[in-house]
Structure formats: structure tokens, C-alpha cells
Amino acid sequence: KVPETFKAPQIDTSVTNLKVQLCFVLDYTGSMKTQIAQAKDSVSKIIEAMKKVKVVSLPNAAIDVEMAAVAYFDWDTETRKLGRPVVSVFGGSEVKEEHSDTLTPDKFRQLGGVWTKDTKALEKWIDQGLGHGGKVPEELTGALLAAASLKWNADEKLMVVITDAPCHGKD
């Protein structure tokens, strides 16, 4: 017997389009050169593979994929000298100011950003310069706030974080 608290979802098998949003959150510190190149080279392949997915419970549905990306860096003077932001959003804006008590979570939530189906535009954006990188924890928290604040409205929502270091607040 199925417990009273469990309700099996009703599936509309006549659905012909399944909208999916995929956001890449990328660590742009100096140590990530190889991973960023791999991410850039993989965007088109990932999208094409996702479009070929067949959902068993939705046999008539085609996958419609939109993408976005958020880049984040270290809070270090060398990255600032390179002119790199702390957090940057594809089709949105960026945070370049130094870390201080006046920098609130709302600054990261207000960066905007757009979803795109244009893999070439996203690949070009991903191909931006790296920051310095180093011993300082990176601004993953701000990047996640920016990504969570995108206008998510798809049937399925995915976020992929590519990093090699802990965020601020980790001892």
C-alpha cells in the first residue's frame, strides 16, 4: 500500500516540448585553465547530447535547452590588477569592488543575466581571461547567489559547478 503522504505525479504524455535550463558556474582562477578550455569545448557537445535524450515517460517530447553561465574569481590584488571582476554573469553585469562590509548578498543577486540557445555566444563568453588565483578562497557563494537569481522558468533546471577550491567561510 502507498503511504497517504505519497502522491504519484500525473504525467501528461502528450507533452511535445520539455524546456531545460542549464547554468554553468565556473571558477576562473589561474589554476583552472585546462578545465575552462574543456568547458568551452564541451558546451556544444553537451547541448547536442541533451537534445538527443529521450524521456521514457514523455515519448513525444523534444528537449529545448537554454544555457547561462556565471564566472567567479579570487578576492586578490593580482586579479584586480588584471581588471577581472569577482563575479560576472553571461548577458548581465559584474561585481568588481573590493571585499568589504558594504558588499551585501543583494549585489550578487542583482547582476541579471540571460538564457541563450546560442552555443557560439556562450563559448565566446566562456573564453574570457582567467584571474590570478592563489591561496585565497574564491567567491563561489556570490556566484551561486547570482546563478540562483537568474530567471529560472524551465520544466527542468540544472546547475553545473566547475571548481578546484573551497569557497569563503571554509576553514
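Here, every reference points to the structure presented above.
Before going into details, it helps to say that this report is about the structure given with it. (Residues numbered from 1 in each chain as written. Predicted model: local features only at pLDDT ≥ 70, side-chain atom pairs only at ≥ 80, totals over all residues. Heavy atoms only, no water.)

Focus on the pattern of salt bridges
Throughout the structure, instances matching the rule amount to 7 salt bridges. The partner of Glu97 in a salt bridge is Lys107, and the shortest N-O contact between them spans 3.2 Å. Remark: Lys107 occurs in helix 3 (residues 105–109) and Glu97 occurs in the loop between strand 4 (94–95) and helix 3; sequence separation between them is 10 residues. Judged by its relative accessible area of 30%, Glu97 falls in the partly exposed class. A residue is classified by how much of its surface remains accessible, and Lys107, at 33% relative accessible area, is partly exposed. Note that Asp106 is salt-bridged to Arg109, the shortest N-O span being 2.8 Å. Of this pair, Asp106 and Arg109 both sit in helix 3, 3 residues apart, which is roughly one turn of the helix. What makes Asp106 partly exposed here is its relative accessible area of 38%. (Salt bridge = Lys/Arg side-chain N within 4 Å of Asp/Glu carboxyl O. Helix = DSSP H or I, 4+ residues; strand = E, 2+ residues; numbered from the N terminus. Buried < 20%, exposed > 50% of the residue type's maximum accessible area, 1.4 Å probe, protein only.)

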